[in-house]
Amino acid sequence: KTHFHNWDIAYKLKSPDCFQKLAITINGGTPGPTIDAQQGDTVVVKVHNKLFTENIAIHWHGIRQIGTPWSDGTEGVTQCPILPGETFVYSFVVDHAGTFIYHAHYGMQRSAGLYGLIRVVLPPGEVEPFKYDSDQSLILNDWWHKSAYELSLGLSSLPFGWVGEPDSLLINGRGRFNCSSVQGGTCNATNPECAPYVISVVPGRTYRLRIASVTSLSAFTFQIEGHNMTVVEADGHYVRPIVVSSLYIYSGETYSVIVKADQDPSRNYWTAVNVVSRKPQTPTGFAIFNYYPNHPMKTPSTILPLGPLWNDSASRLKQDMALKAHPDYNNPPPGKSDRLILLLNTQNRINGYTRWSVNNVSFTLPHTPYLIALKERLHNVFDQKPAPDTYDYKTYNIHQPPPNPNATYSDSIYRLKFNSTVDVVLQNANTLNANNSETHPWHLHGHDFWVVGHGVGKFDPEKDPKGFNLVDPIEKNTVAVQPYSWTAFRFRADNPGVWAFHCHIESHFFMGMGVVFEEGVHRVGKLPSRIKGCGASRV
Ligand SMILES: O=C1O[C@H]([C@@H](O)CO)C(O)=C1O
């Protein structure tokens with residue numbers, strides 16, 4: 001079956017947290033429409049760029065784009081940006097069931113509201129390894145009153161202007177800003193656009209909640225007051241069920257949890273998100289968990305749940321390590337990998353500019369998308385020097401601010417042998433500020449990977465691979481690396497194309513925290529001309 005969608009992308013004045021600002025909307029809304037499909041279906045989205053002066057590109061996050069690498073929606077990697085007034089068609093197969101997201105992949109436009117959900121169900125006759133009565137979805141976000149332009153200008157300026165902590169947290173596009181603190185601008189606490197989202201449940205029933213995070217910066221804990229949640233799916237893969245009272249969720253991740261409406265039915269409960277891993281300065285985001293037949297807007301008289309301490313990185317690592325594959329759905333390539341790529345994450349200063357680097361290279365996007373450059377053998381359009389596979393791990397001190405002088409800009413890439421097994425290790429380190437290391441959720445395009453290890457401190461390439469979990473690792477497309485820690489994963493380079501791999505914190509990717517992998521590009525079919533038109537790909 002093919003699902004056709006027609007989307008107008010336009011700026012509209014919106015008040016998701018009661019404060020009015022220009023948001024990028026899809027058919028008038030943010031979040032955009034949910035895409036519903038069945039495993040194996042084709043999704044066709046005709047995107048009309050109705051922004052007057054800005055390009056766009058939309059990424060289908062978690063969809064592997066097997067056979068359609070040009071539909072990945074990554075500006076500069078798989079396509080030229082879609083110009084104002086133009087129409088672009090994305091067409092792809094949703095190859096496995098699960099919860100996925102879509103969002104802008106150009107500049108900082110995700111923070112302007114261009115995002116939504118993709119839900120893929122199993123084909124008839126196939127059953128999930130868990131049961132529920134019905135299915136609801138929550139998409140979590142953080143929100144700034146400054147425009148995406150103002151945020152990105154700060155990041156690329158001297159002196160550096162950091163985006164700062166978000167003004168509010170949104171659940172299904174609804175948040176609450178304290179209008180009494182507003183000096184200029186329009187803020188109306190009674191605007192129905194910012195009324196809290198309501199999840200209505202019938203006492204005694206069991207629900208599957210699909211939870212996705214598209215935050216531009218924040219890591220969250222998610223809680224439903226007084227209710228435990230059983231985690232059953234992560235990034236479109238079934239996991240061995242674990243019971244949690246609060247769930248850590250990083251930008252780019254999706255989870256499904258099973259919740260039973262088994263508490264006192266005479267009242268409503270809070271659903272809450274709180275910032276972790278950065279010192280919170282944003283009020284708790286909330287929705288109402290409404291027990292039928294109580295009034296859906298009846299706010300609980302209890303205080304909003306706060307969750308674990310923001311800086312409890314040990315408990316975050318504990319959740320990372322507790323998540324294991326469901327025994328019936330796991331199949332990592334055994335043995336030793338063909339290649340180990342060890343990636344040191346550092347914040348650097350280059351010519352005074354604040355940047356992020358991977359093995360001392362701060363990523364920049366080329367003007368000619370790699371997919372076109374490589375498939376059509378266009379020369380001198382990006383740095384041909386291979387991107388570095390390792391860093392000086394014997395002497396580098398991950399607990400000190402980085403010694404800056406050797407960081408450089410580059411748009412060089414990693415070329416992977418087709419069908420080879422690749423291990424990637426993300427090594428976290430100290431930022432430019434003493435005694436500070438952040439959490440980075442890294443997202444791989446075009447693939448799912450097996451998370452084979454996490455560790456505190458410095459990864460040892462001689463010893464640590466021997467301890468990789470090849471028995472029951474979870475499969476994901478986004479994984480966090482915790483402060484001063486490392487995370488290792490394995491994937492098979494079996495999807496012809498060119499794929500971005502980057503920190504899903506929008507400002508960090510904007511500041512250079514990413515790399516690009518190429519595999520089997522010569523096997524890619526004829527490129528559609530609609531992806532071309534920029535740089536050396538002008539036709
Ligand atoms: O990239 C970042 O910059 C700031 C800070 O390190 C400098 O102001 C911050 O918290 C980041 O995550």
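Small disclaimer: the values here were computed from a predicted structure and weren't measured.

Chemist: So what's going on with the site of the ligand? Which residues, and what values?
Modeler: Every residue lining the ligand is accounted for by Phe-160, Trp-162, Arg-278, Gln-347, Trp-356, Asn-433, Glu-438, His-508 and Met-511. At a separation of 2.7 Å, an oxygen atom of the ligand approaches a polar side-chain atom of Glu-438. Between the ligand and His-508, the relevant distance is 2.8 Å, taken from an oxygen atom to a side-chain nitrogen or oxygen of the residue. Starting from 310 Å² of accessible surface for the ligand in isolation, the protein chains cover 82%.

Chemist: Pulling in residues and values, what's your account of the pattern of salt bridges?
Modeler: Tallying each qualifying case throughout the model produces 19 salt bridges. The salt bridge involving Asp-8 is made with Lys-50; its shortest N-O contact spans 3.7 Å. Highlighted residues: Asp-8 in strand β1 (residues 2-14) and Lys-50 in the loop between β4 (42-49) and β5 (58-61), separated in sequence by 42 residues. In this structure, Glu-225 engages Arg-267 in a salt bridge whose closest nitrogen and oxygen atoms are separated by 3.0 Å. Placement of the pair is Glu-225 in the loop between β13 (219-224) and β14 (229-234) and Arg-267 in the loop between β17 (254-260) and β18 (269-276), with a sequence separation of 42 residues. Take Glu-225: its relative accessible area is 13%, and that puts it in the buried class. Among the charged side chains, a salt-bridge network with shared partners connects Arg-64, Asp-95 and Asp-448.

Chemist: So what about the pairing of β4? Which residues, and what values?
Modeler: Most of β4 sits out of view: six of its eight residues are buried. Here β1 pairs with β4 via eight bridges, running parallel. Bridge pairing links Trp-7 to Val-47 in β4. As judged from the seven bridges shared by β4 and strand β6 (residues 87-93), these two strands associate in the antiparallel manner. Considered in β6, the bridge of Val-43 is made with Phe-92.

Chemist: Kindly report on the sheet that holds strand β8 (residues 115-121), identifying the contributing residues and their values.
Modeler: Backbone-to-backbone hydrogen bonds pair the strands of a sheet. The strands run either parallel or antiparallel. Strand order across the open sheet formed by four strands is β3-β8-β7-β5, with mixed pairing between neighbours. Two strands in the sheet have a free side with no partner beyond their single neighbour: β3 (35-38) and β5. Pairwise comparison of adjacent strand axes, ignoring direction, gives a mean angle of 20° for this sheet. Pairing between β5 and strand β7 (residues 98-104): four bridges, direction antiparallel. Paired with His-61 across the two strands is Ile-101, which belongs to β7.

Chemist: For the confidence of the model for the protein chain, give the residues involved together with the corresponding values.
Modeler: Confidence in the prediction of the protein chain, expressed as mean pLDDT, is 97, and 99% of residues score 70 or more. Per the prediction output, this complex has pTM 0.98; the corresponding ipTM is 0.98.

Chemist: Residues and numbers for the UniProt feature "domain: Plastocyanin-like" (unreviewed entry) in the protein chain, please.
Modeler: In this structure's numbering, the residues bearing the UniProt feature "domain: Plastocyanin-like" (unreviewed entry) are residues 11-120, 137-293 and 390-520. Between the end C-alpha atoms of residues 137-293 there is a gap of 21 Å, over a span that is 5% helix and 43% strand.

Chemist: I'd like to hear about the side chain of Gln-223, residue by residue, with values.
Modeler: Looking at the secondary structure, you find Gln-223 in strand β13. Here the side chain of Gln-223 touches Gly-307 through a polar contact of 3.3 Å, landing on its backbone nitrogen. Residues in contact with Gln-223, not counting those within four places in the same chain, are Met-229, Ser-245, Ser-246, Trp-270, Thr-271, Ala-272, Asn-274, Pro-305, Leu-306 and Gly-307.

Chemist: Please give an account of the sheet that holds strand β26 (residues 440-444) that cites residues and values.
Modeler: Reading across from one edge, β24-β32-β31-β26-β29 is the order of the five strands in this open sheet, with mixed pairing throughout. This sheet does not close on itself; its edge strands, each paired only once, are β24 (414-416) and β29 (478-481). Taken over all neighbouring pairs, the strand axes of this sheet differ in orientation by 20° on average, direction set aside. Where β24 meets strand β32 (residues 514-519), three bridges bridge the pair, whose relative direction is parallel.

Chemist: Tell me about helix α2 (residues 313-322), residues and numbers included.
Modeler: Listed in full, the buried residues belonging to α2 are Arg-316, Leu-317, Gln-319 and Asp-320. When α2 is viewed along its axis, its buried side chains cluster within an angular range of 155° and face the same direction. Looking at α2, the residues exposed on the side facing more than 90 degrees away from the buried face are Ala-314 and Lys-318. Where the residues of α2 are buried, they touch β16 (247-249), β17, β18 and β27 (449-456).

Chemist: Which residues make up the side chain of Asn-469, and what values go with them?
Modeler: Relative to the helices and strands, Asn-469 is located in the loop between β27 and β28 (475-476). Polar contacts involving the side chain of Asn-469 include one to the main-chain amide nitrogen of Val-471, which spans 2.9 Å. Within the structure, Asn-469 has its side chain in polar contact with the side chain of Asp-472 (distance 2.8 Å). Excluding residues within four positions of it along the chain, Asn-469 makes contact with Lys-324 and Val-452.

Chemist: Any details on unusual backbone geometry? Residues and values, ideally.
Modeler: Note the cis peptide between Leu-158 and Pro-159, where omega equals -5°. With respect to the helices, strands and loops of the structure, Pro-159 is situated in the loop between α1 (148-155) and β10 (168-171). Here the amide bond leading from Tyr-292 into Pro-293 is cis, since omega sits at 5°, within 30 degrees of zero. Take Pro-293: it is sitting in the loop between β19 (285-291) and α2. Positive phi outside glycine occurs at Asn-359, with the angle close to 50°. One can find Asn-359 in the loop between β21 (353-358) and β22 (361-363). Positive phi values are uncommon outside glycine, yet Arg-377 reaches one of about 50°. Relative to the helices and strands, Arg-377 resides in the loop between α3 (370-375) and β23 (408-410).

Chemist: Residues and numbers for the state of the cysteines, please.
Modeler: Under the defined criterion, the tally for this structure stands at three disulfides. Residue Cys-18 pairs covalently with Cys-194 via a disulfide, S to S 2.1 Å. Its S-S torsion of approximately 100° makes the covalent link between Cys-18 and Cys-194 right-handed. Of this pair, Cys-18 sits in the loop between β1 and β2 (21-26) while Cys-194 sits in the loop between β10 and β11 (198-201), placing them 176 residues apart in sequence. In this structure, Cys-18 and Cys-194 share a single accessibility class: buried. The disulfide bridge from Cys-80 ends at Cys-534, spanning 2.0 Å between sulfur atoms. Here the disulfide of Cys-80 and Cys-534 is left-handed, its torsion about the S-S bond being about -80°. Residue Cys-80 is located in the loop between β5 and β6, and its partner Cys-534 is located in the segment after β32; the two are separated by 454 residues in the primary sequence.

Calculation rules
- Residues numbered from 1 in each chain as written.
- Predicted model: local features only at pLDDT ≥ 70, side-chain atom pairs only at ≥ 80, totals over all residues.
- Heavy atoms only, no water.
- Near = heavy atom within 4 Å.
- Polar contact = N/O pair within 3.5 Å; in protein donor to acceptor, adjacent residues only side chain to side chain.
- Areas by Shrake-Rupley, 256 points an atom, 1.4 Å probe, with all protein chains shown as cover.
- Salt bridge = Lys/Arg side-chain N within 4 Å of Asp/Glu carboxyl O.
- Helix = DSSP H or I, 4+ residues; strand = E, 2+ residues; numbered from the N terminus.
- Buried < 20%, exposed > 50% of the residue type's maximum accessible area, 1.4 Å probe, protein only.
- Pairing = 2+ DSSP bridges.
- Axes fitted to C-alpha atoms, helices over the stretch in contact; angles between N-to-C directions.
- pLDDT = per-residue confidence, 0-100.
- UniProt positions renumbered as here; feature names shortened; annotations may be inferred.
- Contact = heavy atoms within 4.5 Å.
- Arc of directions from axis to C-beta.
- Disulfide = S-S within 2.5 Å.

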